[in-house]
There are 2 protein chains.
Amino acid sequence: MTQKLIPDIVIGRLPVYLRALTRMLSQGRQVTSSQELGERLGISAAQIRKDLSQFGEFGKQGTGYDIEFLTKKIQEILKVNRVWDVAVIGAGDVGHALANYGGFHQRGFRVTQIYDNDPEKIGTDFNNIRVMDIQEMKKSIKKAGIKVAMLTVPAEVAQDTVNDLVEAGIEAILNYAPVNLNVPQNVRVQYIDPAVHLQNMTYYLD
Amino acid sequence: MTQKLIPDIVIGRLPVYLRALTRMLSQGRQVTSSQELGERLGISAAQIRKDLSQFGEFGKQGTGYDIEFLTKKIQEILKVNRVWDVAVIGAGDVGHALANYGGFHQRGFRVTQIYDNDPEKIGTDFNNIRVMDIQEMKKSIKKAGIKVAMLTVPAEVAQDTVNDLVEAGIEAILNYAPVNLNVPQNVRVQYIDPAVHLQNMTYYLD
DNA sequence: TAGATTGTTAATCGATTAACAATC
DNA sequence: TAGATTGTTAATCGATTAACAATC
């Protein structure tokens, strides 16, 4: 029925492979190997080959991988060989940084909507995008058919906002609010919380 | 010799437990169970008990866990029952958002230094912290004994900057630059790249 | 041909879950 | 006491690695 053939953890490594390959390409490189890639990323060569083999045969024995070809293939697999419109919810510092971020458009994303509830912010422009009233969010996201959102609202209102996003048809949420979110099974959430990431490392410090 | 008793993946979940517990505490809750916590976080109750049991016995049969007590214990384990000074490298939008972020100080961190190479920015204040010349970085971080840095410089200079940070004594790096970093074994890196996180989810969209 | 590297299989390793005695 | 929930063991499940035939 549903596929679920490919482990989540494999999908999670593909963007990292893609990033490294794109970088090599921009440095004029044409061919690489699982060994080289693995060394750069701190991953075993066997794992890289195994991961890629889930999706097809992209390399040549004796030679390795054509970087441009493999890049294209991974982009197809991840469905970033197109551009996804993204809504930013919350026009604070983080929302502002995301609206201005230059790294999205080469990587399959474009911020097209920004929402806030602050009258002072509504109507102002962030990187040429008009900040809209969060009251409009549900209707407007639905109308635009947007599937991807980045959530930068305060923790207290995050879950309510997510409920609206889900009703609006959002299926992928990058959550900057420092709370766990409950969503239906068909909706994906990724978490970014700098304090959580830092706390991951302090354990190892003295 | 070296401990390495506790799996990395367990350490990685503790900050998430801590965040949920802190939230419950702020809501006036006093006691919870592995089952309740698991439901909130989408993790099995067994896993939560197993994770915690790595560090001691923090619960009571029949009752569950005292939230305040467990919070304190996890803070101790993660070494965030103190305040870590953090240096922000790069005073762009992301550096700015991090300098202003209010979520750090209750969670064990305080931004005390910001660096940039842009003469226009050097000497200005971000949230009452004077932006310093990146030329001073190595000397000044070493002098202050700072162990934790957040890196928000462009990809092209990230590795060089990291090399300096390592020489300065930094042992934990939260990397916002969209590249993999090579560091010695004693240095930890966590990666935040919104495009990578988004690409993790697009695979599952149509 | 000789050398290199893939894709894949089988073996190993590690993480998660189920189950339950202990006990609050 | 009865009910609930822990901490822990053993079983299951899944991911990583080693090894090598295939082949460029």
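Because the structure is predicted, anything quoted here is derived from the model rather than measured.

**Brief notes about the overall build of chain A**
At step 1: Secondary structure summary: chain A contains eight helices and 10 strands in total.
At step 2: Seen through its principal axes, chain A has C-alpha atoms that stretch 60 × 45 × 40 Å.
At step 3: Per-residue burial over chain A gives 47% buried out of 206 residues.
At step 4: Excluding contacts between residues fewer than 6 apart, the proportion of contacts in chain A whose partners are at least 24 apart in sequence is 56%.
At step 5: Entry remark: accessible area of chain A is about 10,300 Å², with carbon and sulfur atoms responsible for 48%.

**A short note on the relation of the copies chain B and chain A**
At step 1: Aligned on chain A, chain B shows an RMSD of 0.0 Å; the corresponding rotation is 180° and the shift along the axis is 0.0 Å. One copy is carried onto the other by what is essentially a two-fold rotation axis.
At step 2: Mapped onto chain A, 100% of the interface residues of chain B are again interface residues, and the two copies thus contact each other with one and the same surface.

**Looking at the interface of chain B and chain A**
At step 1: Of the residues lining the interface, 64 residues belong to chain B; the matching set on chain A comes to 64 residues.
At step 2: Counting each side, the surface lost to burial between chain B and chain A is near 5,900 Å², with a carbon and sulfur contribution of 61%.
At step 3: A salt bridge links Arg107 of chain A to Asp193 of chain B, with the nearest nitrogen and oxygen atoms 2.9 Å apart.
At step 4: Here chain B is connected to chain A by 18 residue pairs in polar contact (both at pLDDT 80 or more).
At step 5: Among the elements of the structure, helix H1 (8-26), helix H2 (34-41), helix H5 (93-100), strand S8 (148-151), helix H7 (155-167), strand S9 (172-175), strand S10 (188-191) and helix H8 (194-202) of chain B are those that each provide at least two residues to the side of chain B that touches chain A.
At step 6: Top element by residues in the side of chain B that touches chain A is H8 of chain B. It accounts for nine residues.

**Overview of the domain arrangement of chain A**
At step 1: The domain architecture assigned to chain A consists of domain 1 (8-77) and domain 2 (84-197).
At step 2: Here the C-alpha centre of domain 2 of chain A lies 31 Å away from the C-alpha centre of domain 1 of chain A.

**Examining the packing of aromatic side chains**
At step 1: Enumeration over the complete set of coordinates arrives at eight aromatic pairs over all chains.
At step 2: Centre to centre, the rings of Phe58 of chain B and Phe69 of chain B are 6.4 Å apart; their planes meet at 65°, and the pair counts as edge-to-face. Of this pair, Phe58 of chain B sits in the loop between helix H3 (45-53) and strand S2 (59-60) while Phe69 of chain B is found in helix H4 (residues 67-77), placing the two residues 11 residues apart along the sequence.
At step 3: Residue class for Phe69 of chain B comes out partly exposed when judged on its relative accessible area of 38%.
At step 4: A centroid spacing of 4.9 Å and a plane angle of 80° characterise the contact between Tyr101 of chain B and Phe104 of chain B, whose relative ring orientation is edge-to-face.
At step 5: Among the residues examined, Tyr101 of chain B registers a relative accessible area of 25% and is labelled partly exposed.
At step 6: On the basis of relative accessible area, Phe104 of chain B is assigned to the buried category, the value being 3%.
At step 7: Among the aromatic residues, ring-to-ring pairing joins Tyr101, Phe104 and Phe109 of chain A into one connected group.
At step 8: Stacked on the ring of Tyr203 of chain B, the Lys or Arg Lys79 of chain A has its end atom at 5.7 Å from the ring centre.
At step 9: For Arg188 of chain B, the ring lying beneath its charged end belongs to Tyr204 of chain A, and the centroid distance is 3.6 Å.

**What about the protein's contact with DNA strand C?**
At step 1: If you check the shell around DNA strand C, you find 25 residues, and the closest are Ser34, Arg49, Phe58, Gly59 and Tyr65 of chain A.
At step 2: Within 4 Å of the protein, atoms of DNA strand C come from sugar and phosphate in 63% of cases.
At step 3: Ser34 of chain A is positioned with one of its side-chain polar atoms (N or O) 2.6 Å from a phosphate oxygen of DNA strand C.
At step 4: Interatomic distance of 2.9 Å between a side-chain N/O atom of Gln47 of chain B and a sugar or linking oxygen of DNA strand C.
At step 5: The set of elements that each furnish at least two residues to the surface near DNA strand C consists of helix H3 (45-53), strand S2 (59-60) and strand S3 (64-66) of chain A together with H1 and H3 of chain B.
At step 6: Per-element tally for the surface near DNA strand C: the top contributor is H3 of chain B, with four residues.
At step 7: By residue class, the composition of the surface near DNA strand C is five nonpolar, 12 polar and eight charged.

About the criteria used
- Residues numbered from 1 in each chain as written.
- Chains lettered and ligands numbered in written order.
- Predicted model: local features only at pLDDT ≥ 70, side-chain atom pairs only at ≥ 80, totals over all residues.
- Heavy atoms only, no water.
- Helix = DSSP H or I, 4+ residues; strand = E, 2+ residues; numbered from the N terminus.
- Buried < 20%, exposed > 50% of the residue type's maximum accessible area, 1.4 Å probe, protein only.
- Contact = heavy atoms within 4.5 Å.
- Areas by Shrake-Rupley, 256 points an atom, 1.4 Å probe, with all protein chains shown as cover.
- Least-squares fit on C-alpha atoms with pLDDT ≥ 70 in both.
- Buried area = accessible area lost by both parts, 1.4 Å probe.
- Salt bridge = Lys/Arg side-chain N within 4 Å of Asp/Glu carboxyl O.
- Polar contact = N/O pair within 3.5 Å; in protein donor to acceptor, adjacent residues only side chain to side chain.
- Domains from an automatic or database assignment.
- Phe/Tyr/Trp six-rings, centres within 6.5 Å; stacked < 30°, edge-to-face > 60°.
- Lys NZ or Arg CZ within 6 Å of the ring centre and 35° of its normal.
- Near = heavy atom within 4 Å.
- Nonpolar A, V, L, I, M, F, W, Y, C, P; charged D, E, K, R; others polar.

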